Amino acid sequence: MAKRKRYLTATLADGYVKTIGPTAAPFTHYWRIVADLGNGRTEVFWGHAKSLKEATGKRAATEEAARQRGWAGYAFEVVDLVETQGPPERA
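Note that the structure is a prediction, hence the values are computed from the model and not measured.

(A) Expanded view of the sheet that holds strand S1 (residues 6-11). The three strands are arranged S2-S1-S6 in an open sheet whose pairing can be described as antiparallel. Each edge of the open sheet carries a strand with a single partner, namely strand S2 (17-23) and strand S6 (82-84). Across the sheet, the mean angle from the axis of one strand to that of its neighbour is 35°, orientation sign disregarded. Note that S1 and S6 share three bridges and pair antiparallel. Note on S6: the bridge partner recorded for Tyr7 is Thr84.

Here you go:
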């Protein structure tokens, strides 16, 4: 029997909303890195994970990436994914 497809939504502290899906994968958390490259430039990296431990494990890799790439700074966030009814409305 095929797994049921669902949509998952993450809402970050700054109000950004990310919806992924349809997916049958057992994702539980969304992570985002906003890297400050200097000179007013930023770059965003994101992903989803099957556990809080897996998602927060990205922090050590982020610290190493910041050193290797010479980032001026970065913000690392992890939030829960919540199952939603469908894709977001498009304006």
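(B) Geometry of the packing of aromatic side chains. Applying the stated criterion across every chain yields a total of three aromatic pairs. Where Trp71 meets Tyr74, the ring centres are 6.2 Å apart and the plane angle is 65°; that geometry is what we call edge-to-face. In this structure Trp71 comes out as buried when scored by relative accessible area, which is 12%. Put simply, the rings of Phe45, Trp71 and Tyr74 touch in pairs and so form one group of aromatic residues.

(C) The arrangement of the pairing of strand S4 (residues 41-49) in detail. As judged from the nine bridges shared by strand S3 (residues 29-38) and S4, these two strands associate in the antiparallel manner. Within S4, the position partnered with Ala35 by the bridge is Glu43. Between S3 and the antiparallel strand that follows it, S4, lie two residues; Asn39 among them carries a positive phi value of about 55°.

Calculation notes
- Residues numbered from 1 in each chain as written.
- Predicted model: local features only at pLDDT ≥ 70, side-chain atom pairs only at ≥ 80, totals over all residues.
- Heavy atoms only, no water.
- Pairing = 2+ DSSP bridges.
- Helix = DSSP H or I, 4+ residues; strand = E, 2+ residues; numbered from the N terminus.
- Axes fitted to C-alpha atoms, helices over the stretch in contact; angles between N-to-C directions.
- Phe/Tyr/Trp six-rings, centres within 6.5 Å; stacked < 30°, edge-to-face > 60°.
- Buried < 20%, exposed > 50% of the residue type's maximum accessible area, 1.4 Å probe, protein only.

In short, geometric facts, not functional conclusions.
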